[in-house]
Amino acid sequence: MKLKKALVMAVLMCALVFTVRLNEPLSIYVAAMKHGDATTHIQAFDAASGQTSLRDMIETEAQKKRVAAVDAMIDRVWKAIPGYNGLEIDVEKTYLLMKNAPEDAPIRYVYKEVEPKISLDSLGRHPIYKGNPNKPMVALMINVAWGNEYIPSMLATLKKENVKATFFLDGSWLKKNTDVAKTIQAAGHEISNHAYTHPNMSQLDRRSAYNQIAKTEALLQATLHVKNKWFAPPSGDFNQMTVDVAAEQGLKTVLWTLDTVDWKHPPAYSIIRKIRTRVEPGSLILMHPTDSSSSALEGIITAIKQKGLRLGTVSETLSSKRVALVEAAP
């Protein structure tokens, strides 16, 4: 009886040792996960599981690092607010990148953007005053209806600072100053619609409002071959009919978050101080080619950059795309 018990115990001990040996890679992986060092032992576990563990680890990390997309919305004050793309690990691309990596190589994650379920286009016909507050980007919108003398200096500053702005052109100005408009366009700036004769749009009948936009739109396409997206109502004067007739021509009505009020010719330092104090992610900053804005422009750009904000066109700022998308470094 004692001999039988001894044999049974010996068999059980052998089975236990064999099981521990067989599952040693799993033990290593579990221990690594507990200590936050799964990357170091990734190949050991993969060898025992046909590399399915690598994908599992990536999927687990993808759950932790996922940044949800932000839906576009209608704000009570700011009206239509664009959405902002989410960010997540591209499991398949990360797996393909890492499956043949050296044993001790850390995982380099490849990311992808995820669009929001509700987009700006799905909100309907509403004016836009600013971008998404989660997007650290700001746009300069320069309305041009008269005066050319400060355009060269402003273009020079924008070039020096490597900044692209959006110029909203009055149609009657464009007709007389096509060469200047082409110079603006050649510098890589976005060109958009600012009506034809700088009227108060809310005071026009529907046909006149439509024609103000349509006439400038036709001129933009004929002279600059612009595929336009935006309409900026002169003096910020509009009503729902204005928004509707612009939408009928494929344009969204855009206004501003911050106004330099440069047409009153304030000193440059006061404009810079205003921007420095009030600019925030998504701000659209209104200016004109005036002496004040020309003198303040470099300081405005510096103040924006010092706040960690990027400068882009209106299209870039109001898009849902993220400001930066990079693959994680080793």
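Summarised in this report is the structure supplied together with it. (Residues numbered from 1 in each chain as written. Predicted model: local features only at pLDDT ≥ 70, side-chain atom pairs only at ≥ 80, totals over all residues. Heavy atoms only, no water.)

A look at the packing of aromatic side chains
Here's step 1: This structure, assessed with the given rule, holds one aromatic pair.
Here's step 2: The interplanar angle of 65° and the centroid separation of 6.2 Å between the aromatic rings of Trp78 and Tyr129 together place this pair among those described as edge-to-face. Here Tyr129 lies in the loop between β4 (111-114) and β5 (137-144) and Trp78 lies in the loop between β1 (73-75) and β2 (79-81), a separation of 51 residues in the sequence.
Here's step 3: Arg55 extends its terminal NZ or CZ atom over the ring of Tyr95, reaching a point 4.3 Å from the ring centre.
Here's step 4: In this arrangement the basic side chain of Lys215 is found over the ring face of Tyr196, its NZ or CZ atom lying 4.3 Å from the centre. (Phe/Tyr/Trp six-rings, centres within 6.5 Å; stacked < 30°, edge-to-face > 60°. Helix = DSSP H or I, 4+ residues; strand = E, 2+ residues; numbered from the N terminus. Lys NZ or Arg CZ within 6 Å of the ring centre and 35° of its normal.)

A look at helix α12 (residues 291-306)
Here's step 1: Here α12 spans 24 Å end to end across 16 residues, near enough to the 22 Å set by a 1.5 Å rise per residue.
Here's step 2: Of all the bends in α12, the greatest measures close to 50° and is centred on Leu297.
Here's step 3: Looking only at α12, the buried set comprises Ser292, Ser293, Ser294, Ala296, Leu297, Gly299, Ile300, Ile301, Ala303 and Ile304.
Here's step 4: Looking at the packing, one finds that the buried side of α12 touches β5, α6 (151-160), α11 (268-278), β11 (284-287) and β12 (310-312).
Here's step 5: In the stretch just after α12, Gly308 is the one whose phi turns positive, near 75°. (Expected span 1.5 Å × (residues − 1). Bend = angle between axes of the 7 residues up to and from the residue. Buried < 20%, exposed > 50% of the residue type's maximum accessible area, 1.4 Å probe, protein only. Contact = heavy atoms within 4.5 Å.)

Focus: the layout of surface pockets
Here's step 1: The volume enclosed by the largest pocket comes to roughly 480 Å³.
Here's step 2: Leu120, Asp121, Leu318, Ser319 and Ser320 are the residues nearest the centre of the largest pocket, which is lined by 20 residues in total.
Here's step 3: Among the elements that make up the lining of the largest pocket, the one with the highest residue count is helix α13 (residues 314-318) (three residues).
Here's step 4: Taken as a whole, the second largest pocket holds about 240 Å³ of empty space.
Here's step 5: Of all the elements, β12 adds the most residues to the lining of the second largest pocket, at three residues. (1 Å grid on protein atoms, 1.4 Å probe; cavity = no way out; pocket = protein on both sides within 12 Å on 5 of 7 lines; lining within 4 Å. Points joined across faces, edges and corners; volume = space filled by probe spheres on them.)

Some remarks on the pattern of salt bridges
Here's step 1: According to the stated counting rule, one finds 11 salt bridges in the structure shown.
Here's step 2: The salt bridge involving Arg206 is made with Glu248; its shortest N-O contact spans 2.1 Å. Taken together, the positions of Arg206 in helix α9 (residues 206-224) and Glu248 in helix α10 (residues 240-248) put the pair 42 residues apart, joining distant regions of the chain.
Here's step 3: Taking the relative accessible area as the measure of exposure, Arg206 reaches 40% and is therefore partly exposed.
Here's step 4: Residues joined by salt bridges that share partners form a network here, namely Glu61, Lys64 and Lys65. (Salt bridge = Lys/Arg side-chain N within 4 Å of Asp/Glu carboxyl O.)

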